[in-house]
Amino acid sequence: MQQPLFNPVSSTDYLPAPKLRELQTERFARIIRRAYENVPFFRKRMDDRNRTPDSFRSLEDVALLPFTVKADLRETYPFGLFASPLKEIVRLHASSGTTGKPIVVAYTKGDLAVWEEAMMRTLAAAGVSSGDIVQNSFGYGLFTGGLGAHYGAEGLGATVIPASGGNTERQIMLMKDFGVTVICCTPSYFVHLIEEAGKMGVDLRKLPLRIGIFGAEPWTFEMRRHIEEAAGIKAFDIYGLSEITGPGVGAECECQCGLHIFEDHFYPEIIDPDTLEVLPDGKEGELVLSTLSKMAMPMLRYRTRDLTSILTEKCACGRTIRRISKISHRSDDMFIIRGVNVFPSQIETAILNEEKHLPHYQIILTRSHGLDNIEVDIEVTPEMFSDKVSAMEELTQRFSHAIERVISLRVLVKMLPPNSVPRSEGKARRVIDKRNL
Ligand code: DLL
């Protein structure tokens, strides 16, 4: 049977802009009222700003609403932001922070249905449909990736293999034996899968695998190119965060030119993270999201810390919902070394420009005599290896120059033997900051 290549699933993706704005206004008014009437935290925040549900009349009033930040979720831990009684809440997820308690998020049955729909639209935009065999290697559990992708794929009628993360050899066996056509996982884990498949003598390009659905962490265009070439697939970027729903907030379509936000459920704004002013479309800043449909845990103007811009040109796919540019960094994964702002993605891009098979790497920040230093540990791949000392020295020099050119700082590059950088099954930990230890 001929499969439809791109299944639109939701006509909302194609609503004319005025109709979409009307829908958003209506849903916003409802969600503000729900938050105000059911969550003392939101009521107080709005009272402090002299806002009431009745003072919201149009989308222009969104800018007058208070922001919500991650610390608010920590302070109201665990159930303080719920707008539904527990008897209506059917699922909890949690996202581990870098410190202390996790943040907790809740869903009613209706919320799960919205999430499933958003994930169906996400997968369909990448070309997944019934008939596909989807290996879901996002972690199942409190992390939203596993169950989010699971229900979306099942909703489309695809065959789901709930592989979860880890046990890499078995992942490759499943992919090969079951004729998997779609894989979902973090991009860093897929790079690891490519490498392990190579060791097992499995050429991913010869398998039926055709689509990769990757997200949950930043990854560069260079990394996409590497993945697409090494595995013979099309690699799609998907975006989301637990506080808003999980994956399914935004996704690339077949054009792979930015991520469409499912704006009928998640309302995007871009702000200047310093002045907190709303920026016009096209300008880069911090993404702020409000949930328009979530009943158990509505979120008003949540500051994601993710840096991006809303793209202004129409997408060739015909969807009218707006797009954001690829998220290359967060305002808080930036580190400052001797006054210079550095994003891990800049270092990755520099490494990939020198070596197209992205080697495993880790960035180590240290402090000696009050001065901050960057060390970049890069694992030698078989392609890079030479038994001539001079060739290895030349390679080290090439990497340091490439990185220094991009970040304008001296770095110490160390070439490490294979398997010395710890592998991740989920989000990669690229930066080890030893400065405050
Ligand atoms: O990572 C949800 C998710 C699961 C998204 C699977 C995509 C696929 P959290 O654990 O709450 O939720 O982490 C959310 O991860 O604020 C971003 O900083 C980062 N992130 C998520 N997707 C992307 C992406 C899930 N495509 C945080 N590109 C977000 C860059 C991403 N960063």
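Keep in mind it's a predicted model, so treat the numbers as computed, not measured.

Draft legend 1. Spatial organisation of the sheet that holds strand β20 (residues 412–416). The strand order β20-β19-β18-β21 describes an open sheet built from four strands, whose pairing is mixed. The outermost strands of the open sheet, each flanked by one partner alone, are β20 and β21 (431–433). The average undirected angle you get between the axes of adjacent strands in this sheet is 25°. With three bridges connecting them, strand β18 (residues 361–368) and β21 associate as parallel partners.

Draft legend 2. Expanded view of empty space enclosed by the protein. Scanning the entire structure with this criterion turns up two cavities of 30 Å³ or more. Taken as a whole, the largest cavity encloses approximately 50 Å³ of empty space. Lining the largest cavity are Leu73, Thr76, Tyr77, Pro78, Leu81, Pro102, Ile103, Val104 and Met297. Of the residues contributing to the lining of the largest cavity, the split by class is eight nonpolar, one polar and no charged.

Draft legend 3. Here's a closer look at the environment of Asn38. Looking at the element boundaries, Asn38 is found in helix α1 (residues 17–38). Along the primary structure Asn38 and Pro85 are separated by 47 residues, whereas in three dimensions their C-alpha atoms are 9.4 Å apart. Contacts of Asn38, omitting those with residues within four sequence positions, involve Phe82 and Ala83. A polar side-chain atom of Asn38 sits 2.9 Å from the main-chain carbonyl oxygen of Arg34.

Draft legend 4. Local environment of helix α2 (residues 40–48). Taken residue by residue, α2 has Phe41, Phe42 and Met46 as its buried positions. Buried residues of α2 fall within an arc of 125° about the axis and therefore sit on the same side. The exposed residues of α2 that point more than 90 degrees off its buried face are Pro40, Lys44 and Asp48. Buried residues in α2 make contact with α1 and α3 (70–75). Remark: Asn50 follows α2 within two positions and exhibits a positive phi of approximately 55°.

Reading the values: rules and limits
- Residues numbered from 1 in each chain as written.
- Predicted model: local features only at pLDDT ≥ 70, side-chain atom pairs only at ≥ 80, totals over all residues.
- Heavy atoms only, no water.
- Pairing = 2+ DSSP bridges.
- Helix = DSSP H or I, 4+ residues; strand = E, 2+ residues; numbered from the N terminus.
- Axes fitted to C-alpha atoms, helices over the stretch in contact; angles between N-to-C directions.
- 1 Å grid on protein atoms, 1.4 Å probe; cavity = no way out; pocket = protein on both sides within 12 Å on 5 of 7 lines; lining within 4 Å.
- Points joined across faces, edges and corners; volume = space filled by probe spheres on them.
- Nonpolar A, V, L, I, M, F, W, Y, C, P; charged D, E, K, R; others polar.
- Contact = heavy atoms within 4.5 Å.
- Polar contact = N/O pair within 3.5 Å; in protein donor to acceptor, adjacent residues only side chain to side chain.
- Buried < 20%, exposed > 50% of the residue type's maximum accessible area, 1.4 Å probe, protein only.
- Arc of directions from axis to C-beta.

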